[in-house]
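Breakdown of the fold
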Amino acid sequence: MGINVAPNKILLLDRDGVINKKADENDYIKSWEAFDWIKDNVDGLIQLSEKGFQFIVLTNQAGVARGKMTRTDLEHIHQKMVEHLSSINVKVLDVFACMHNRHEGCDCRKPMPGLFMQAAKAYGFDLEKTLYIGDDPKDCKAACAAGSNSIFLGSPQRLDDLTLHEKPIKVANSIKEVLPFLETYFKQAKATNQSEKLF
Ligand SMILES: [Mg+2]
């Protein structure tokens, strides 16, 4: 029997730069062969899974609109990614991808919050009670617009242009590093949006 997971044990993840290494500037991960895991983050996901967390991936993949890969290519990558993670007991409930180009004016390309809304609607969780882990300031902006807090993986200097409200509640180098923080955060009976901003 599977464990019945409380909705507030859903964590939202960016993909490139969090689960796998990013492609070069202005390029995309176009095949499963090019998908390269970030070990410290995957190790973190394994440990979070042991605590009962499940994951939803929210990712911009404009390479589809730009004709660099097909929707089928992208779906194949995600199928392999989810299968592999499942084989190491990391459960990804779903992957929501914005495949639009940046000039299309969609509401789902981060920093817009559309992917968050799609995920919350599909899985019935409260955006205010979860967190998004990303590696781009736009991830923090999108989370904020959706009413979620964020964790930023990377250098704090990259966050200078964010408003106080948009800033992440934690900055670190890997998911492994934020395990104690996440445990405390999700233990709070009422994780709210008003958490003290640390950066
Ligand atoms: Mg990223």
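Now for a look at the structure at hand. (Residues numbered from 1 in each chain as written. Predicted model: local features only at pLDDT ≥ 70, side-chain atom pairs only at ≥ 80, totals over all residues.)

Section: the sheet that holds strand E3 (residues 92-98)
With parallel pairing, the six strands of this open sheet are ordered in space as E3-E2-E1-E4-E5-E6. Two strands close off the open sheet at either side, each with one partner strand: E3 and strand E6 (170-172). The sheet shows a mean angle of 20° between the axes of neighbouring strands, taken without regard to direction. As judged from the four bridges shared by strand E1 (residues 10-13) and strand E2 (residues 54-60), these two strands associate in the parallel manner. For Ile10, the partnering residue across the bridge sits in E2 and is Gln54. (Pairing = 2+ DSSP bridges. Helix = DSSP H or I, 4+ residues; strand = E, 2+ residues; numbered from the N terminus. Axes fitted to C-alpha atoms, helices over the stretch in contact; angles between N-to-C directions.)

Focus on the pairing of E1
Chirality of the crossover, the property in question, places the unit of E1, helix H1 (residues 39-50) and E2 among those that are right-handed. As judged from the two bridges shared by E1 and strand E4 (residues 131-134), these two strands associate in the parallel manner. The residue bridging Leu12 from the neighbouring strand is Tyr132, located in E4. (Right-handed = clockwise from strand over helix to strand, strands pointing away.)

Focus on the pairing of strand E5 (residues 149-153)
Counting buried residues along E5, five of its five residues qualify, which places the element largely inside the surrounding structure. Neither face of E5 is exposed, since Asn149, Ile151 and Leu153 on one face and Ser150 and Phe152 on the opposite face are all buried. Where E4 lies against E5, four bridges are found, and the strand directions are parallel. Bridging from a neighbouring strand, Leu131 pairs with Asn149 of E5. Remark: the E4/helix H4 (residues 137-146)/E5 crossover connection has right-handed handedness. (Buried ≥ 20, exposed ≤ 12 C-beta atoms within 10 Å, placed from the backbone.)

Thoughts on the environment of Glu177
Here Glu177 shows up in the loop between E6 and helix H5 (179-187). When the 16 C-beta atoms within 10 Å are taken as the criterion, Glu177 is described as partly exposed.

Remarks on the nonpolar core
One finds Leu12, Leu13, Ile56, Leu58, Phe116, Ala119 and Ile133 to be the most contacted residues of the largest nonpolar core, which totals 48 residues. Ranked by residues supplied to this core, first place goes to H4 with five residues. For Leu12, the contacting residues outside a window of four places in its chain are Ile56, Leu58, Ala119, Thr130, Leu131, Tyr132 and Ser148. (Core = buried A, V, L, I, M, F, W, Y, C linked by C-beta atoms within 7 Å. Contact = placed C-beta atoms within 7 Å.)

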